[in-house]
Amino acid sequence: MNKLYIGSLSENAVPSDLESIFKDAKIPVSGPFLVKTGYAFVDCPDDSWALKAIETLSGKVELHGKLIEVEHSVPKRQRIRKLQIRNIPPHLQWEVLDSFLVQYGVVESCEQVTTESETAVVNVTYSNKDQARQALDKLNGFQLENFTLKVAYIPDDMAPQQNSPQQLRGRRGFGQRGSSRQGSPGSVSKQKAYDLPLRLLVPTQFVGAIIGKEGATIRNITKQTQSKIDVHRKENAGAAEKSITILSTPEGTSAACKSILEIMHKEAQDIKFTEEIPLKILAHNNFVGRLIGKEGRNLKKIEQDTDTKITISPLQELTLYNPERTITVKGSVETCAKAEEEIMKKIRESYENDLASMNLQAHLIPGLNLNALGLFPPTSGMPPPTSGPPSAMTPPYTQFEQHSETETVHLFIPALSVGAIIGKQGQHIKQLSRFAGASIKIAPAEAPDAKVRMVIITGPPEAQFKAQGRIYGKIKEENFVSPKEEVKLEAHIRVPSFAAGRVIGKGGKTVNELQNLSSAEVVVPRDQTPDENDQVVVKITGHFYACQVAQRKIQEILTQVKQHQQQKALQSGPPQSRRK
C-alpha cells in the first residue's frame, strides 16, 4: 500500500518536478518517478509515508498551473473490498460514522490508521466488491460537518471467492473494529479468547534489541511461542515508547511477553540503563472497569497475589485517537509476567462477555448496529449530520422500526449528571434525541436533596438501545461514577399486572434465569398496587449490556403473553346474541 499514483499532471511534467515537490514536503521515496502522459507512479518507503504524501500533496500542490492528485496505486485485480476513508471530522461520534458505512453493506472490519493530520483515517473492509464500490461512489466527496470525505481503494489480496455465500448475503451491520474478522457479529457463534491481542508499550531504545539483528530475535520469539508479533516501530516517530501487538493463545501470549521483558532487562544491564523497567499493557477502556473491580478489589488481589505494584492511566487521557489506557506493572520479570497472566485473564473474560452480549443483542433485535455497544468510547460534543441525503440522516433500521411497538423506559441517573445530559441550552439532549430517534425527557426531582433523577425514554427498541447507551457513556465520560467502578443504572419498565407472574415464573424460576442470562438484577416488587392502567413496575439494575438483555427478554415475554391472549380471544369467538 506504499505505491502512489500521481494524477492530473500537465504534459510538461518531468520526474525532476515531482522530485522537488516531494523533497519540499520532506516525503522520502524509495525509487524513481515513472512519469507517463498526465500521470506518474512512485514508491514510498512504507504505508505511513504514502498516507502522508496523499494528505499533504493531493489537491494542495500545483505543478504547471494544475493541482496534482495523489492516491494509492492499486492494481485492478486488487480493487475488491477494501477502502481507505480520509478527512473524517476528528470529533465525529463513531455511531454517526457507522450509520454511513453500514448503509452499503456488511462491514467486516474498520481499523483506525495512525496519521499526523488533525482528521481521522480508517481502513474499511466490506463483505464483497459491489458493496465496496457503492460505498466508494456514494461517500467519496461527501460533505460531513464541513469536511469532504476522501475515499479510495487500498490493495485487497483476498480473492472475493473466499467469502462464503452466507457472508455475501449477510445483513448490513458491523464486524469488530481492529483486526479483520470474517462475518458480522450477528453470525458469530463464539469468538476465541486469542482473538484479543496483548498490546505492550516498550521504551524506544529497547526496540532494536527486541527485533534483533536482521529480525532474528523477534523471529525466534515468534517461533518458540507460536505467536504473531508486530513491533510498531514506524508509528509515532520520535516517541519515547513504541507499541507491540502479540496475538496467540493465552499461554503463547504470556510466554512472548515474558521473553520481551527478559530481553529489555538484559539490554538495560548491557547499556547500564539505571531506570526501572515496568511492564506496560495497553487495554481498551471498556475492559478496565471490570479489571479494577468494585472498590478496586480485583486489582488489589492481583497485586497481592503477584507481589507487584499496578497503576492505571487516568480517564482524562482518552481521546477518539486513543481509546486505550496504560496499565503499568512494577516488579521483577517473574512477578510482572505473573501479573500479565492475571490481568489478561480478566480482560479476556470481559471481552468474551461483551461478545456474548453483542451476539445475544443481534439475535434479540434484528438489524442492530452492534458498534453502538461502545467497543470504542463515544465522543461527546458533535451532533449527527444535519445535511445530506435522507438515508444519511436516519439510521438504516427503518424497516425494523416500522414493525416495532413504542416502549417507555424510566432510567434513573445520578442527580449531579443531569446538567451534562441536558447540555448547554439543552443542546446535548436534543442531539441525543435526534440521534436515537426517541423522546427523552427528564422528570422533576422528587425532593430537593434527591440523589437520582428519572429520565423518561420513549421509542422503539433500536431507539431505546441507542439512547440508553449514550446516557451510560456520557455518565462514564464525565466521571459521575468512580473511575474504579463500572456504570450501573436502574431502569424501570411497566408491565400489565396480569403478566407480572409470567416475568417472575413459577417459584421465581423465570426471573432467576433472566438474572443469570443477563447479569442484571431484576426485581418485581411484591404487593404493588397497579396504576390506573393496571400496570406494575419491573426494576432492572446493571451495566449497559446487562440492562439491555434483560429489557429485551422481558419485552419478549410480554409479546408472548399478548399473542396468547389474542389467540385465546380468537378461539372463543364473538359473543352469541341471545334468541328471543
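Everything that follows concerns the structure shown earlier in this document.
Residues numbered from 1 in each chain as written. Predicted model: local features only at pLDDT ≥ 70, side-chain atom pairs only at ≥ 80, totals over all residues. Heavy atoms only, no water.

**Student:** Could you give me a rundown of the pairing of strand β19 (residues 324-330), with the residues and numbers involved?
**Tutor:** The buried fraction of β19 is high, at six of seven residues. By the bridge criterion, six bridges tie strand β17 (residues 279-284) to β19 in an arrangement that is antiparallel. Pairing of Ala-283 across the sheet is with Arg-325, part of β19. The pairing of strand β18 (residues 309-312) with β19 spans four bridges and is classified as antiparallel. The residue of β19 that forms the bridge with Ile-310 is Val-329. (Buried < 20%, exposed > 50% of the residue type's maximum accessible area, 1.4 Å probe, protein only. Helix = DSSP H or I, 4+ residues; strand = E, 2+ residues; numbered from the N terminus. Pairing = 2+ DSSP bridges.)

**Student:** Account for the nonpolar core, with residues named and values stated.
**Tutor:** Grouped together as the largest cluster of nonpolar side chains are 44 residues, with contacts concentrated most on Ile-471 and Ile-554. Here this core takes nine residues from helix α19 (residues 544-572), the largest share from any one element. Contacts of Ile-554, omitting those with residues within four sequence positions, involve Ile-493, Val-495, Val-503, Leu-514, Val-522, Val-538 and Ile-540. In this structure, Ile-246, Ile-260, Leu-261 and Ile-310 belong to the second largest nonpolar core, which totals 42 residues. (Core = buried A, V, L, I, M, F, W, Y, C linked by side-chain atoms within 4.5 Å. Contact = heavy atoms within 4.5 Å.)

**Student:** Give a detailed account of the sheet that holds strand β2 (residues 34-35), specifying residues and quantitative values.
**Tutor:** Ordered by their spatial adjacency, four strands build an open sheet running β2-β3-β1-β6, and the pairing between neighbours is antiparallel. In the strand order of this sheet, the two ends are held by β2 and β6 (69-72), each with one partner. Inspection of the sheet shows β2 paired to strand β3 (residues 40-43) by two bridges, in the antiparallel sense. Within β3, the position partnered with Leu-34 by the bridge is Phe-41. In the packing of helix α1 (residues 15-24) onto the sheet, the strands contacted are β1 (3-7), β2 and β3, and the crossing angle to β1 comes to about 115°. (Axes fitted to C-alpha atoms, helices over the stretch in contact; angles between N-to-C directions.)

**Student:** So what's going on with unusual backbone geometry? Residues and values would help.
**Tutor:** Although it is not a glycine, Asn-87 sits at a positive phi angle of roughly 65°. Even without glycine at this site, Glu-214 takes up a positive phi of about 55°. Its place among the elements puts Glu-214 in the loop between α6 (207-211) and α7 (216-225).

**Student:** Describe helix α16 (residues 461-477), with residues and values.
**Tutor:** Between its terminal C-alpha atoms α16 stretches 24 Å, which fits the 24 Å expected from 17 residues at 1.5 Å a residue. With 15 of its 17 residues buried, α16 lies for the most part within the structure. Following α16 by one or two positions, Asn-479 has its phi on the positive side, about 60°. (Expected span 1.5 Å × (residues − 1).)

**Student:** Lay out the packing of helix α9 (residues 285-292) against helix α10 (residues 297-306) in plain terms, naming residues and giving numbers.
**Tutor:** Where α9 contacts α10, the two axes come as close as 5 Å, and the packing angle between them is 70°. The pairing of α9 with α10 is recorded here as roughly perpendicular in orientation. For the pair α9 and α10, contact is made by Arg-290, Leu-291 and Ile-292 and by Arg-297, Asn-298, Leu-299 and Ile-302, respectively. Broken down by class, the residue content of the contact of α9 with α10 amounts to four nonpolar, one polar and two charged. (Parallel < 35°, antiparallel > 145°, perpendicular 65-115°, else oblique. Nonpolar A, V, L, I, M, F, W, Y, C, P; charged D, E, K, R; others polar.)

**Student:** With reference to specific residues and values, describe the environment of Ala-40.
**Tutor:** Counting through the fold element by element, Ala-40 comes out in strand β3. On the basis of relative accessible area, Ala-40 is assigned to the buried category, the value being 0%. Sequence separation of Ala-40 and Ile-6 is 34 residues, and the distance between their C-alpha atoms is 5.0 Å. If we skip the residues at most four places from it in the chain, Ala-40 touches Leu-4, Tyr-5, Ile-6, Leu-9, Leu-18, Leu-34 and Val-35.

**Student:** Before we move on, can you summarise the packing of aromatic side chains with the specific residues and values?
**Tutor:** Summed over the entire model, instances satisfying the criterion amount to eight aromatic pairs. Each ring, one from Tyr-5 and one from Tyr-39, has its centre 6.0 Å from the other, and the planes form 25°; the classification is stacked. On the criterion of sequence distance, the pair formed by Tyr-5 in strand β1 and Tyr-39 in the loop between β2 and β3 is long-range, its members being 34 residues apart. Accessibility expressed as a relative area gives 30% for Tyr-5, which makes it partly exposed. Each ring, one from Phe-287 and one from Tyr-351, has its centre 6.2 Å from the other, and the planes form 90°; the classification is edge-to-face. Here the residue Phe-287 occupies a position in helix α9, and Tyr-351 occupies one in helix α11 (residues 333-364), the gap between them amounting to 64 residues. Residues Phe-287 and Tyr-351 agree in their burial class; the two are buried. These aromatic residues form a ring-pair network of at least three members: Tyr-5, Tyr-39 and Phe-41. (Phe/Tyr/Trp six-rings, centres within 6.5 Å; stacked < 30°, edge-to-face > 60°.)

**Student:** Before we move on, can you summarise the pairing of β17 with the specific residues and values?
**Tutor:** Counting buried residues in β17 gives five out of six residues, a clear majority hidden from the surface. Bridge analysis of strand β14 (residues 198-203) against β17 gives three bridges, and the strand direction is antiparallel. When the sheet's bridge partners are listed, Arg-199 is paired in β17 with Leu-282.

**Student:** Would you mind going over the sheet that holds strand β22 (residues 452-459) in detail, with residue names and values included?
**Tutor:** Ordered by their spatial adjacency, six strands build an open sheet running β21-β22-β20-β23-β25-β24, and the pairing between neighbours is antiparallel. At either margin of the open sheet sits one strand with a lone partner, and together these are β21 (439-442) and β24 (521-523). Ignoring strand direction, the axes of neighbouring strands in this sheet form an average angle of 20°. Here β21 runs beside β22; their pairing, made up of four bridges, is antiparallel. Bridging from a neighbouring strand, Ile-442 pairs with Val-455 of β22.

Function-wise, these values are silent; they only describe arrangement.
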